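Remarks on the overall topology
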Amino acid sequence: MSENVNQQSLPSHIAYIMDGNGRWAISRGLPRAAGHRAGVSAFKRVLSRTVERGVGVITFYVFSTENWKRPRHEVMALMGLLYEYLEREKEELMKMRVRFHVMGDLAPLSRRLKRKILEVENYTSGNPYLLNFALNYGGRDEIVAAVNRLISEGKTEVTKEDIDSALYTAGCPDPDLVVRTSGELRLSNFLTWQTAYSELYFTNTLWPDMTAADVDLAIDAYSKRKRRFGGA
Ligand code: FPP
């Protein structure tokens, strides 16, 4: 039970791969966008429970660099949900004491969405909990961009620490736990560098069905793992 989990074994950073929105919708005879809408409700439940459990950094894979390949109307629906969420939930983020931060290349997003993102990032910037949205994000692109930045700064050789400091997650602990829903067993270009020693938790639950109890199950499973980081 979650009550018995030792506070020391709580993850400092959980990263969620929100998968299964499409299947959730199709199984109900609904358009995929309805699955994404239900996915936003699940996201709010998961965020709120994860913060309640005292996890300081929480990252969600919202939109990958590969997701542009989806039909235009689905991409538009996702961007619309994102805008709507930021517009409506700014105050809720303040109540939860959450700082909103986007990781990813914002260049292809609409000016309106970019403005909204910057507005909410600035508005929440003083809060202690960190909420990262991986948006137009790709793990390999992130590493390539980091190395190119270091080269442009004059480096001819780089260290792990140099790369750490040039990633979107600079200054942020690596994810202790990655949770992926919907039964898919892969990381899909998510936090490729940062997940080298992350514990992975897979559940068959489709993302829109995720509840606070499912967050507790993942954290409880994590607390029973023995992490060795390559040691004995
Ligand atoms: C994967 O499910 C999910 C996504 C590509 C998008 C996730 C985005 C959200 C839950 C909403 C984002 C907005 C906010 C405010 C958090 P899938 O569509 O690939 O599902 P499938 O594998 O069943 O087809």
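None of these values were measured; they are calculated from a predicted model.

Structural notes on the environment of threonine 195
Checked against the element boundaries, threonine 195 lands in the loop between strand E5 (177-180) and strand E6 (199-202). Residue threonine 195 is classed as buried on the basis of its relative accessible area, which comes to 8%. If sequence neighbours within four positions are ignored, threonine 195 has contacts with Pro175, Val178, Leu187 and Phe190. Among the polar contacts listed, one links the side chain of threonine 195 to the backbone oxygen of leucine 191, at a separation of 2.8 Å.

Some remarks on the site of the ligand
Around the ligand lies a shell of 17 residues, among which Met18, Gly22, Arg23, Arg32 and Arg70 are the nearest. At a separation of 3.2 Å, an oxygen atom of the ligand approaches a polar backbone atom of asparagine 21. In this structure, glycine 22 approaches the ligand through a main-chain N or O atom, which is 3.0 Å from an oxygen atom. When isolated, the ligand has an accessible area of 630 Å², and the protein chains bury 92% of it. Among the elements of the structure, helix H1 (21-26), helix H2 (32-52) and helix H3 (72-96) are those that each provide at least two residues to the shell around the ligand. When residues in the shell around the ligand are grouped by element, the largest group, five residues, is from H2. Across the shell around the ligand, the residue classes tally to seven nonpolar, six polar and four charged.

Quick notes on the sheet that holds strand E3 (residues 98-103)
Spatially, the six strands line up as an open sheet ordered E3-E4-E2-E1-E5-E6, and their pairing is parallel. For this open sheet the edge positions go to E3 and E6, each flanked by a neighbour on one side alone. Across the sheet, the axes of successive neighbouring strands diverge by a mean angle of 20 degrees, strand direction being ignored. One ladder, built from four bridges, connects E5 with E6; its direction is parallel. When the sheet's bridge partners are listed, valine 179 is paired in E6 with tyrosine 201. H2 contacts strand E1 (13-17), strand E2 (57-64), E3 and strand E4 (129-137) of the sheet and is inclined by roughly 160 degrees relative to E2.

A closer look at the packing of aromatic side chains
Each aromatic ring pair is described using two quantities: the centre-to-centre distance and the angle formed by the ring planes. Inspection of every chain in the model, using the stated rule, returns 14 aromatic pairs. When the centroid spacing of 4.7 Å and the interplanar angle of 80 degrees are considered together, the rings of phenylalanine 43 and phenylalanine 60 count as edge-to-face. Linking phenylalanine 43 in helix H2 with phenylalanine 60 in strand E2, this pair joins segments that are 17 residues apart in sequence. Each member of the pair, phenylalanine 43 together with phenylalanine 60, is buried. Their ring planes at 80 degrees and their centres at 6.1 Å tell us that tyrosine 61 and tyrosine 137 sit as a pair that is edge-to-face. On the criterion of sequence distance, the pair formed by tyrosine 61 in strand E2 and tyrosine 137 in strand E4 is long-range, its members being 76 residues apart. By relative accessible area, tyrosine 61 is classed as buried at 9%.

Here we look at the nonpolar core
Core analysis: the biggest nonpolar cluster contains 44 residues, and Leu47, Phe60 and Leu131 have the highest contact counts within it. Not counting the four nearest positions on each side in its chain, leucine 131 is found in contact with Phe43, Leu47, Ile58, Phe60, Tyr85, Leu93, Val98, Arg99, Phe100 and His101. Residues Tyr61, Ala134, Tyr137 and Phe190 belong to the second largest nonpolar core, which totals nine residues.

Some details on helix H7 (residues 212-223)
With 12 residues, H7 extends 17 Å from end C-alpha to end C-alpha; this agrees with the ideal 16 Å at 1.5 Å per step. Within H7 the residues assigned to the buried category are Asp214, Val215, Asp216, Ala218, Ile219, Asp220 and Tyr222. In the core, the buried residues of H7 are packed alongside E1, H2, E5 and E6.

Reading guide: rules and limits
- Residues numbered from 1 in each chain as written.
- Predicted model: local features only at pLDDT ≥ 70, side-chain atom pairs only at ≥ 80, totals over all residues.
- Heavy atoms only, no water.
- Helix = DSSP H or I, 4+ residues; strand = E, 2+ residues; numbered from the N terminus.
- Buried < 20%, exposed > 50% of the residue type's maximum accessible area, 1.4 Å probe, protein only.
- Contact = heavy atoms within 4.5 Å.
- Polar contact = N/O pair within 3.5 Å; in protein donor to acceptor, adjacent residues only side chain to side chain.
- Near = heavy atom within 4 Å.
- Areas by Shrake-Rupley, 256 points an atom, 1.4 Å probe, with all protein chains shown as cover.
- Nonpolar A, V, L, I, M, F, W, Y, C, P; charged D, E, K, R; others polar.
- Pairing = 2+ DSSP bridges.
- Axes fitted to C-alpha atoms, helices over the stretch in contact; angles between N-to-C directions.
- Phe/Tyr/Trp six-rings, centres within 6.5 Å; stacked < 30°, edge-to-face > 60°.
- Core = buried A, V, L, I, M, F, W, Y, C linked by side-chain atoms within 4.5 Å.
- Expected span 1.5 Å × (residues − 1).

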